Amino acid sequence: MTILVTGATGSVGRLVVDELLAAGASVRALTVDPERAQLPPEAEVAVGSLARPSTLPLEGVSAVYLAPMARTVGRFCELATEAGIKRVVALSGSSVGDGHEGSSGNEYGAVEKAVREAGFAWTFLRPGVFMNNTLDWADMVRAGEVAMAYGDATQTPIDLGDIAAVAARVLTTEGHVGATYVLSGPEAISLRGQVATLESVLGKEIRFRELTRDEQRAQWIGYGVPEQAVDWLLDGFEETLRHPQVPTGVVEELLDRPGTTYAEWAEANRAVFA
């Protein structure tokens, strides 16, 4: 029984391939760039993309790990149904819970809606903010000062490896059909707290400088981030000042092990910040 991993070059999908192989599954990895993906020899490599549904290698596939792509999810569902695929585990996002359930106005909500309505035996994974997002701080960390707005915004960042491990677990074990799993890291930590953790792990002084919302907004727009996305991100930080996030405990429950802490993640990625 072959599991198709879409987006196998992506930050989560590539790790899902490794986790499935470790679990003894037969994996077909879909990638637009096999050389960059550096897929293990045990994986069957298929060149293609969800962006080009005609390239989807669905024959003989029993289940699919579905990376989010709202623009073509409808066609994917049509082709997968025609191919007789019953099981889909879709990567979604915690923003679906912000009033976007079943909504086509949110990319993750649109993917969930299409998969649900197609009649697959589905499971949705809704992680929150990624620990990897703070890799963008590398230049600031090396310079000894991280400047961000909403330093006390408290979130529950998750390691990509934990998301991939959960995806592999629900694809290879029973009891997850029709489940929506909201995934978080094991601790609530502020932006200021993440900087303090990096300071401790790296053994160097790193100052935190608070930006105003307008300063942060201008900075991100200057980097080329769309204004709508900037406002959405800043609104999210502001919301966690009023309502700090709390860990969901789902990773620990599904994997029967502790989730990765931010300090553990920082240690594993210290070379990026050094």
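Note: the structure precedes this text.
All values derive from a computational prediction rather than experimental measurement. (Residues numbered from 1 in each chain as written. Predicted model: local features only at pLDDT ≥ 70, side-chain atom pairs only at ≥ 80, totals over all residues. Heavy atoms only, no water.)

K.L.:
Just checking my understanding: could you explain the packing of aromatic side chains for this structure?
P.N.:
One pass over the structure, following the stated rule, counts 5 aromatic pairs. Look at tryptophan 122 and phenylalanine 124: their rings are 4.2 Å apart centre to centre, the planes differ by 10°, and that puts the pair in the stacked class. Using a relative accessible area of 15% as the deciding quantity, one classes tryptophan 122 as buried. Here arginine 116 stacks its cationic end above the ring of tryptophan 122, 5.1 Å away from the centre of that ring. (Phe/Tyr/Trp six-rings, centres within 6.5 Å; stacked < 30°, edge-to-face > 60°. Buried < 20%, exposed > 50% of the residue type's maximum accessible area, 1.4 Å probe, protein only. Lys NZ or Arg CZ within 6 Å of the ring centre and 35° of its normal.)

K.L.:
Explain the nonpolar core to me, please; I cannot follow it from the model alone.
P.N.:
The nonpolar side chains of a soluble globular protein tend to be buried with one another. Of all hydrophobic cores here, the largest spans 35 residues; its most connected members are Leu20, Leu125 and Leu183. Counting residues per element, the ones that place at least two in this core are β1 (2-5), α1 (13-22), β2 (26-31), β4 (61-66), β5 (87-91), α6 (160-172), β9 (179-183) and α10 (250-255). Ignoring anything within four residues of it in the chain, the contact list for leucine 20 reads Ile3, Val5, Ala25, Val27, Ala168, Leu171 and Thr172. (Core = buried A, V, L, I, M, F, W, Y, C linked by side-chain atoms within 4.5 Å. Helix = DSSP H or I, 4+ residues; strand = E, 2+ residues; numbered from the N terminus. Contact = heavy atoms within 4.5 Å.)

K.L.:
I keep staring at the side chain of threonine 123 and nothing clicks. Help me out?
P.N.:
Relative to the assigned elements, threonine 123 resides in strand β6 (residues 121-127). On the basis of relative accessible area, threonine 123 is assigned to the buried category, the value being 0%. Within the local environment of threonine 123, its side chain forms a polar contact with the side chain of arginine 87, the two groups lying 3.0 Å apart. Among all residues touching threonine 123, those that are not within four sequence positions of it are Arg87, Val88, Val89, Ala90, Val170, His176, Val177, Gly178, Ala179 and Tyr181. (Polar contact = N/O pair within 3.5 Å; in protein donor to acceptor, adjacent residues only side chain to side chain.)

K.L.:
Mind showing me how you'd approach the sheet that holds β5 here?
P.N.:
Strands in a sheet are paired, the pairing made by backbone hydrogen bonds, and the direction either parallel or antiparallel. Spatially, 7 strands are ordered β3-β2-β1-β4-β5-β6-β9 in an open sheet, and the strand pairing comes out parallel. What marks the edges here is a single partner per strand, and that holds for β3 (44-47) and β9. Averaged over all adjacent pairs, the angle separating strand axes in this sheet is 20°, with direction ignored. Relative to β9, β6 runs parallel, the two sharing 5 bridges. Residue pairing in the sheet places arginine 126 in a bridge with valine 182 of β9. (Pairing = 2+ DSSP bridges. Axes fitted to C-alpha atoms, helices over the stretch in contact; angles between N-to-C directions.)

K.L.:
Could you clarify how one ought to interpret unusual backbone geometry in this entry?
P.N.:
Note on backbone geometry: most residues besides glycine have negative phi, and most peptide bonds are trans. We note that glutamine 38 has phi near 50°; this positive angle belongs to a residue other than glycine. Tracing the backbone through its elements, the reader meets glutamine 38 in the loop between α2 (34-37) and β3. The backbone of aspartate 256 shows a phi angle near 55°, a positive value even though the residue is not glycine. By secondary structure assignment, the location of aspartate 256 is in the loop between α10 and α11 (262-268).

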